[in-house]
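Here is what each chain is made of, one letter per residue.
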Amino acid sequence: MSGSGAPIRRLFVQPILVKTIGPAQREKRMIPSDSSRQEEDEENEAPVKAKRSKADHAGEEVVYHPVKLSRNDLYRPPTAEELNQLKEAESLFHCSLLKMQMEELLKEVALSERRKRQIDSFIQTVTKLIQTVPDSPEVEVSDLSWLSGAVKVPFLLVPKTTKGKFHMAPPSSIDLIGSYPLGTCTKPNVMVDLAVTIPNDVLHPKDVLNQRYPRKRALYLAGLAQHLASSSDIGTMQYSCLHGNRLRPVLLLTPPGKDSSSFTLRVHACPAPGFFKPSRFHPQRNNIRTEWYTGLQTSQSGKISSEPPTPHYNSSVLGDLLPRAHLQFLSAVSSQCSAFTDGVALLKVWLRQRELDQGTGCFNGFLASMLLAYLLITHRISNSMTAYQLLRNALNFLASTDLTVNGISLAKDPDSTAFHDAFQVVFVDPSGHLNMCADITACTYKQLQHEASLSMQFWDNPTVDGFQCLLMTPKPMIRTSDHVFQLCELVKLQSSCKKLNLLSELMDHSGDYIHTALPFILSLLQQGLSQRIHLLTHSLSPDPKSEAPKHKAQPPLSFGLLLRAELSSTVLDRGPPADSPKAAEFRQLWGPRSELRRFQDGDITEAVLWHGESICQKRLVPKQIITHLLQLHADIPESCVRYVGAMVDDVIKTGSEVSGTGEEESLVVVQSYDDLSRKLWRLEGLPLTITAVQGAHPALRYTQVKPLALTRKLYSFFDREKTSRSLVPKEGKPCPVYITPITVICHMEGSGKWPHDRLAIQHIRAAFHIQLGELLRKHHNYTCRPCPTHLDVWKDGLVFRIQVAYHREPQVLRESLTAEGLLVVRDNDEAQALEMATIHKPLLTSTLHGLQQQHPCFGAACRLVKRWLSAQLFSDDITEDTADLLVASLFLQPAPFTAPSSPQVAFLRFLHLLSSFDWRNNPLIVNLNNQLTAVDYTEIKNGFMATRESLPVMFIATPKDKKLSMWTKRSPSIQMLQRVIMVAAESLKVLEHQLIDGSQKQDVRVILRPPLEAYDVVIHLNPKQVPLLDQAVDPPAITFSRGVMSGSAAQPGGPLPVIDYNPVSLYLGELREAFGDLALFFCDPCGGTVITVLWKPKAFIPTPFKTSQVSARSVEVTGDETKTVPNVEAILEDFRIMGKGLVKSVEARTEKWSF
């Protein structure tokens, strides 16, 4: 290699090594210029860290130069460690960014050294206090006289008494257990576990029977609480239960002062290891006697063999014997795998975001640690793997392994059959005696499996931001499930236990009727909903924070349904043939709702028919099924079921006879358009053939806020135009109903006869409009009115506005001749607007129409979103097309969720997207028709970052628009986007709280009422002249007619109605034209009766007097200076004059302009 080539090669290689190889960063060493030649030669042989000169050079400026590397160092092959890092970055992560994000997250959730010192200090303080617990005399277990009145016993004493003696004594040992000593304790909820060993003389080996041990354990905790209550070293003190298990109360302590919220010390009272024989806790053994529990003498009394097994009770007691052994086991595993603690931390974050790590029957951090330990000792993962690989393999294992069918064990040869008979989910601990998943229901595990499977899908998808979806996006049930319902009066579950004959299970759960009945209710609902749902989930009851909490004191139990869109709304459940053995089972499930039916294919089968006329009603068929089954089999009345699956849908309900959300009306409009399209195709007698007919209106993609109604007119309300005899509004009458023209683009074939002059093309198009109108009138008797820009066609009570388009017209508009006669092609607003109207909007409409066919709730979701935007006065900033694209992104890229199957959940996710998306640093990519590849995504993101400053603040990329974001080019502005984000965040918070909390006043329309305090002027309008008044958020009682007859649509022919006449939007346009430089104007286009005005601050800065700029301004003379300021009083008067007949009053709310 020539001498001149070497530096080029070095410059090429060096950055790659520095960027991706950690150890190789030594290649870029710098040394001071005053170093000797000998030192330089030594560095060339073996590079070492360059150090700054010490004090002797303190006063000199040190200049650094690149080190000259020897040929051997420059081309030295990477080490095994460096190769491993390169391979990991390439294969595990779509880019090194994901790796760095996860490393930063681990730093965020790890405990700081300062926090650890605080925790250690508090543990020492509490340990010393507990060791000084005084002895107390021995009393009966049921005698609580030794406790002061202020201290309660954290146990529900049902039955009231049990045998045994108790006395208080100092603990035999105090040990740290759980995640803190293991190093897997993470923020934000820092919980440190302290095991206090109850002395052996307080307990008796037979205390496992009849709740004696759990009661003594609770008494011992009460004794500790009484002793600690007087200490000033303790901040707050309260009782709770370990993962909601009432048999395992714990004492929660926090430090005093400002650190009280930084961590919590959880004190457990435990027996000495090995105090009870583990064989006493086999899942088939009984430790609660029926006679003691019921208080009734039974014929089988004394026969232990006839007693039902108590596996859940057994596992609760056994769980107190093993925490130290579990800590030793996990410490041994952790010491062999350096990334174990980080892997557990990532898995805990993943679980927390999915609300699976807390509450009764949760998959907590302890189980996450044990799962990773199981994967390590079974060699499914290796000790050398990184935290990311551990997380990935753990999720992959959860997604592919069903512990409800094939349990796993950390012990050799456990009795898996006995565990599966007793529990729904099986994961046996190293002792072989304890099922660590005893309290987890099959539904919770299926949810865990589903979430893991979903995570694996988008982890491998390079078009998805894996880190954001995997670990940073919270997934509350109300936003994850399509439908949610709650069981409100949980005390009713007592009668459910009686009806389902669950006495032995109730004994096993020590009277917890909620978690006794829950598995049976879940099984019943799973059976009834079967094919309609992908997944049934339920909330995990939070750990109670009080002493002896009653079961009914729990918050309502919530259930989530993940629906199958294609099957969830069918009104018929077809059962087995009448003579089939399964027919009796079907009848038993459905009760009186089941009936024999004969079908068109001749079959006679059992069937259940549910009520549902409109699509909106059919969406609520699952509600009918749930309320029927719970009433029939579990004695839970319908009044106790609060179904919140479609509460927000009320906002877009139509006022038709059959309650609906507009899908049927939209379908009628689309069918009428399809019919017109066919008729246009078949027209004969045109000089050029029609090459395409495309709809370009929201109504044709099912997203019109209020679907267009078919109308018939009362002619007495109108005057007639002299020439065409079309209807015109009559003075003194209310404004007629607003009739939206549905835009249809009609493309004509290309021909050499088309002129190349823009004016000539417009004349040709006008001629086509005239001829199309004549042909439609002649062949189909449609009333038509041709105009230079369009042709209005009155058909089926709807108005279609046909616009003829010529594909080369935008190009002609861009061409112009210079003075020298040269042809110049320049882009301009006119050409862009024509392209938007004739190419982009029709394409978007047809694409979104296809999306509606795939996802039936897409249209209703768009209408909800647009109704919210309109009500909050944002419809001019987030246009209809932009809103539809934002909603489409939720269906096309729903990660980390599944695609919405109800309008309500899509609306909630829209609010979350709007408020949480990083619009400043990321483009929103809407992959319509799945046309974009991973390469396209990278290209869009790189282009976005390169030209960010010149792009719109809200950037939406589509397959046909990767670089410009034409849909958001003009709006919103940065100030309006910030306002939209703020209002969306607040709306989401209010709405979710209302949907979850049934005790609140139920009024979902509260999120549609904008705060008017922020505006300077409010113009109140006359309701009679607001044509869309019936769509208002709170529509007033309408006592006047707008000249519309009820009944079917008008017959073909007849006069043309008043089209596209909305006085409010016309007035708004005039205000903006006249005063747009002084103020911003806002209005709800869907029936709003106010126009709000916001003065522009810069408009009120005094400006020098100019005769050309005195409109709406008053002159102020100060000395020699003459300046003008806006004349607000005159402007307000102009508002009234311009809106005469429409404006009721003008209310000035602030005096901002006077400052």
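Just so we're clear, the structure is a prediction, and the values are computed from it rather than from any experiment. For every chain, the first residue of the written sequence is number 1, and numbering continues from 1 along that sequence. Since the coordinates come from a predicted model, pLDDT governs what is reported: local features require at least 70, and pairs of side-chain atoms require 80 or more to be given and counted, while whole-chain, interface and lining totals use all residues. Side-chain numbers here rest on the full set of heavy atoms in the structure, without hydrogens or water.

Novice: Give a description of the environment of isoleucine 764 that names residues and reports values.
Specialist: Mapping isoleucine 764 onto the fold places it in helix α26 (residues 758–780). By relative accessible area, isoleucine 764 is classed as partly exposed at 32%. For isoleucine 764 and proline 788, which are 24 residues apart along the polypeptide, the C-alpha to C-alpha distance reads 9.2 Å. Contacts are assigned to residue pairs with any non-hydrogen atoms lying within 4.5 Å of each other. Among residues more than four places away in sequence, those in contact with isoleucine 764 are Trp754 and Pro755. Strands are runs of DSSP state E lasting at least 2 residues, helices are runs of H or I lasting at least 4, and numbering of each runs from the N terminus. The cut-offs for exposure are 20% and 50% of the maximum accessible area for each residue type, with area from a 1.4 Å probe on protein chains only; residues under the lower value are buried, those over the upper are exposed, and the others partly exposed.

Novice: Talk me through the environment of glutamate 1013; I want residue IDs and the actual numbers.
Specialist: With respect to the helices and strands, the residue glutamate 1013 is situated in the loop between α33 (974–996) and β31 (1017–1021). Taking the C-alpha atoms as reference points, glutamate 1013 and arginine 1149, 136 residues apart in sequence, are found 7.9 Å from one another.

Novice: I'd love a proper account of the sheet that holds strand β14 (residues 557–563), names of residues and values included.
Specialist: What the 4 strands build is an open sheet, ordered β13-β14-β12-β18; its pairing is antiparallel. Each edge of the open sheet is held by one strand with a lone partner, namely β13 (533–538) and β18 (641–643). Adjacent strand axes in the sheet meet at a mean angle of 20 degrees, parallel and antiparallel pairs treated alike. Pairing analysis gives 5 bridges linking β13 to β14, with the strands arranged antiparallel. If you follow threonine 537 over to β14, its bridge partner there is glycine 560. Across the sheet, helix α21 (residues 513–529) touches β12 (483–487), β13 and β14, and the angle it forms with β13 is around 165 degrees. Two strands make a pair as long as DSSP finds a minimum of two bridges between them. Simply put, an axis is a line fit to the C-alpha atoms, just over the touching stretch for a helix, and the angle between two N-to-C directions goes from 0 to 180 degrees.

Novice: Could you give an account of helix α6 (residues 113–131), naming the residues involved and the relevant values?
Specialist: How far a helix is expected to stretch is found by multiplying one less than its residue total by 1.5 Å. If you check α6, its first and last C-alpha atoms are 27 Å apart, about what 19 residues at 1.5 Å a residue would give, namely 27 Å. Along α6, the residues that are buried comprise Arg115, Gln118, Ile119, Phe122, Ile123, Val126, Thr127, Leu129 and Ile130. Seen along its axis, α6 keeps its buried residues to an arc of 165 degrees; they face one direction. In α6, the exposed positions that point more than 90 degrees away from the buried face belong to Glu113, Arg117, Gln124 and Lys128. Close packing links the buried residues of α6 with β5 (173–177), α7 (179–182), β6 (191–197), α8 (212–228), β8 (245–253) and β9 (264–270). Throughout, the arc means the angular range of directions from the helix axis out to the C-beta atoms.

Novice: Tell me about the pairing of β8, and name the residues and values.
Specialist: Taking burial as the measure, the 9 residues of β8 include 9 buried ones, the bulk of the element. Taken together, the 6 bridges between strand β7 (residues 237–242) and β8 define a ladder with antiparallel strand orientation. Bridge pairing in β8 places methionine 237 opposite leucine 253. Counted along the chain from β7 to the antiparallel partner β8, the turn is 2 residues long, and its residue histidine 243 has a positive phi close to 50 degrees.

The values reported here are purely geometric and, on their own, carry no functional implication.
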